Amino acid sequence: MSAIDARDISKRYGTVTALDRVSLTVESGEIFGFLGPNGAGKSTFLNLMLGFTHPSAGSISVFDYDCQHEGVMARERIGVLPEGYDVIDHLTGRQHIEYAIEAKQIDDNADPLNVLDRVGLTEDAGRMATEYSKGMKQRLVLGMALTGEPDLLLLDEPTAGLDPTGAAELRSIIREENERGATIFFSSHVLEQVEAVCDRVGILQNGTLIAVDTIQGLRGSLGGGTKLEITVDSLQNGTLNTIQEIEGVETAVTPDNSTIEATCTNDAKMDILVGLRDAGIDVVNFRTQEASLEDMFIEYTETDQSHNNNTNHDNADHGVTNASGKKKENNHGSQSGEQSEPAEESTAESESGLESGVPSE
Ligand SMILES: Nc1ncnc2c1ncn2[C@@H]1O[C@H](COP(=O)(O)OP(=O)(O)OP(=O)(O)O)[C@@H](O)[C@H]1O
């Protein structure tokens, strides 16, 4: 069964299209990273999952429960760490977890200290949460999300405020939760975190899902997935041309008289070295570096921005796996409307979104 199944979901606020026909399937047991620049529509997607806002078109379900019409059932399966959540006045850390236990109607014998221990707050259990540091508050809200062993964890910017130790602990918790069977869906701008734990990632840009794939798959799709730095004895005239003409080489520059820097496909690495040898150039040293998720994120979102600025690039094939992970296609620039949308909604719609507090249980 899919943990999340979004079908052609759109959300409009007045003239703003926050989400434009997004289709995405996240399978049960996946760790999925949801990325996108500011304003891309990530929180809107999470709010739709939580039933805090309603779609303008399309549908979204969590474990087969429609988030709009069966929201209570869907939310019972979800633990959420919202972005920018603040703690409750006059409650200790322990009372926050007790509140979560009660709200989620979990077994009366559940011990809040077990959760507080997992998030490193045992010693501070009796202190007022308003006195906690930012990172401690983030740990506490994570503890509330973990309470009751939810089947789906929605984490919006979970590392906000965490120190490096806290971030490492978060990664361990994500893996532990995943090992017990939970699906993890998290949105973050800290791409090293995403890269470290995610099975697949989706990149949202201007409300459109522009790529969904494994990190390795994204590297392959971009072509320039590998950076190669080669030190040679000395460069000769025409060396750069020789390299640039090799299939799979995306860029090649010579920052000085003995160094070549190239971005290329994995397969082209050896061709470059062979090409240099054939040209009579001695390779003194070389090292390769795979493109980081951050490199790829910038490349995807900048490419997509240029597509959006030049409106006629619909469906250019960059070979990216689609949102269900099943077939190769590309969503770049696919914003021209083939389907009719309902009338735009008013911006006056009342929202109780992720950024405004505890989800109603
Ligand atoms: N309640 C609302 N009323 C009007 N516009 C909204 C509302 N909520 C979101 N938007 C708009 O929808 C778009 C997507 O916003 P959203 O908060 O989903 O982006 P995001 O990807 O979560 O951004 P960030 O990374 O900055 O948190 C933005 O243009 C935003 O201004």
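Residues numbered from 1 in each chain as written. Predicted model: local features only at pLDDT ≥ 70, side-chain atom pairs only at ≥ 80, totals over all residues. Heavy atoms only, no water.

The protein has the name ABC-type transport system ATP-binding protein in an unreviewed UniProt entry, where Haloquadratum walsbyi is given as its organism.

A. Structural context of the site of the ligand. In the region of the ligand, 14 residues are neighbours, and Gly 39, Gly 41, Lys 42, Ser 43 and Thr 44 sit closest. In this structure, an oxygen atom belonging to the ligand sits 3.1 Å away from a main-chain N or O atom of Ala 40. Between His 189 and the ligand, the recorded distance is 3.5 Å, taken from a side-chain N or O atom to an oxygen atom. Here the ligand, which alone exposes 640 Å², has 68% of that area covered by the protein. Listing elements by their share of the shell around the ligand, those giving two or more residues are strand 2 (16-27) and helix 1 (42-49). (Near = heavy atom within 4 Å. Polar contact = N/O pair within 3.5 Å; in protein donor to acceptor, adjacent residues only side chain to side chain. Areas by Shrake-Rupley, 256 points an atom, 1.4 Å probe, with all protein chains shown as cover. Helix = DSSP H or I, 4+ residues; strand = E, 2+ residues; numbered from the N terminus.)

B. Broad picture of the packing of helix 5 (residues 134-146) against helix 6 (residues 164-179). For the pair helix 5 and helix 6, the least separation of the axes is 12 Å and the interaxial angle reads 5 degrees. Taken as axis vectors, helix 5 and helix 6 run roughly parallel relative to one another. Contacts from Arg 139, Leu 142 and Leu 146 in helix 5 reach Gly 166, Glu 169, Leu 170, Ile 173 and Glu 177 in helix 6. Considered class by class, the residues forming the contact of helix 5 with helix 6 number 4 nonpolar, 1 polar and 3 charged. (Axes fitted to C-alpha atoms, helices over the stretch in contact; angles between N-to-C directions. Parallel < 35°, antiparallel > 145°, perpendicular 65-115°, else oblique. Contact = heavy atoms within 4.5 Å. Nonpolar A, V, L, I, M, F, W, Y, C, P; charged D, E, K, R; others polar.)

C. Spatial organisation of the sheet that holds strand 6 (residues 78-81). Pairing within the open sheet is mixed, and its 6 strands lie in the order 6-7-8-3-9-10. Across the chains shown, the open sheet's two edge strands, defined by having one partner strand only, are strand 6 and strand 10 (208-213). Taking the axes of each pair of neighbouring strands and ignoring which way they run, one obtains an average angle of 15 degrees across the sheet. Relative to strand 10, strand 9 (residues 200-205) is paired through 5 bridges, and the arrangement is antiparallel. (Pairing = 2+ DSSP bridges.)

D. Fine view of the pairing of strand 12 (residues 249-256). Relative to strand 13 (residues 259-264), strand 12 is paired through 5 bridges, and the arrangement is antiparallel. If you follow Ala 252 over to strand 13, its bridge partner there is Ala 262. Where strand 12 hands over to strand 13, the hairpin turn is made up of 2 residues, counted between the paired strands.

E. Representation of the pairing of strand 9 within the structure. With 6 of 6 residues buried, strand 9 is to be regarded as a mostly interior element. Taking every second residue as pointing to the same face, both faces of strand 9 are buried, with Arg 200, Gly 202 and Leu 204 on one and Val 201, Ile 203 and Gln 205 on the other. Bridge count between strand 3 (residues 31-35) and strand 9: 4 bridges; the pairing is parallel. The partner of Phe 34 across the bridge, within strand 9, is Gly 202. Connecting strand 9 to the antiparallel partner strand 10 that follows it, the hairpin turn spans 2 residues, and Asn 206 within it adopts a positive phi of roughly 50 degrees. (Buried < 20%, exposed > 50% of the residue type's maximum accessible area, 1.4 Å probe, protein only.)

F. View of the side chain of Thr 44. Relative to the assigned elements, Thr 44 resides in helix 1. By relative accessible area, Thr 44 is classed as buried at 10%. Excluding its chain neighbours within four sequence positions, the residues that come into contact with Thr 44 are Lys 11, Tyr 13, Ala 18, Leu 19 and Thr 53.

G. Layout of the domain arrangement of the protein. Annotation of the protein at the domain level lists domain 1 (2-215) and domain 2 (225-289). Computed over C-alpha atoms, the centres of domain 1 and domain 2 are 44 Å apart. (Domains from an automatic or database assignment.)

H. Inspection of unusual backbone geometry at higher detail. Located in the positive-phi region is Arg 21, a residue other than glycine, with phi close to 50 degrees. Arg 21 sits in the buried class, given a relative accessible area of 18%.

I. Here's a closer look at helix 3 (residues 93-103). Gly 93, His 96, Ile 97, Ala 100 and Ile 101 are the residues of helix 3 that are buried. Burial along helix 3 is one-sided: seen end-on, the buried residues are contained in an arc of 140 degrees. Turning to helix 3, the residues buried within the fold contact helix 4 (112-118) and helix 5. Directly beyond the C-terminal end of helix 3, a positive phi value near 50 degrees is found at Gln 105. (Arc of directions from axis to C-beta.)

J. Highlighting the sheet that holds strand 11 (residues 226-232). Taken in spatial order, the 4 strands make up an open sheet running 12-13-11-14, and their pairing is antiparallel. Taken across any chain shown, the strands that pair with only one partner, and hence form the sheet edges, are strand 12 and strand 14 (283-290). The sheet shows a mean angle of 15 degrees between the axes of neighbouring strands, direction not considered. In the sheet, strand 11 pairs with strand 14 via 7 bridges, with the strands oriented antiparallel. Counterpart to Thr 231 in the pairing with strand 14 is Asn 285. Where helix 10 (residues 268-278) meets the sheet, it contacts strand 11, strand 12, strand 13 and strand 14, and its direction lies at approximately 20 degrees from that of strand 11.

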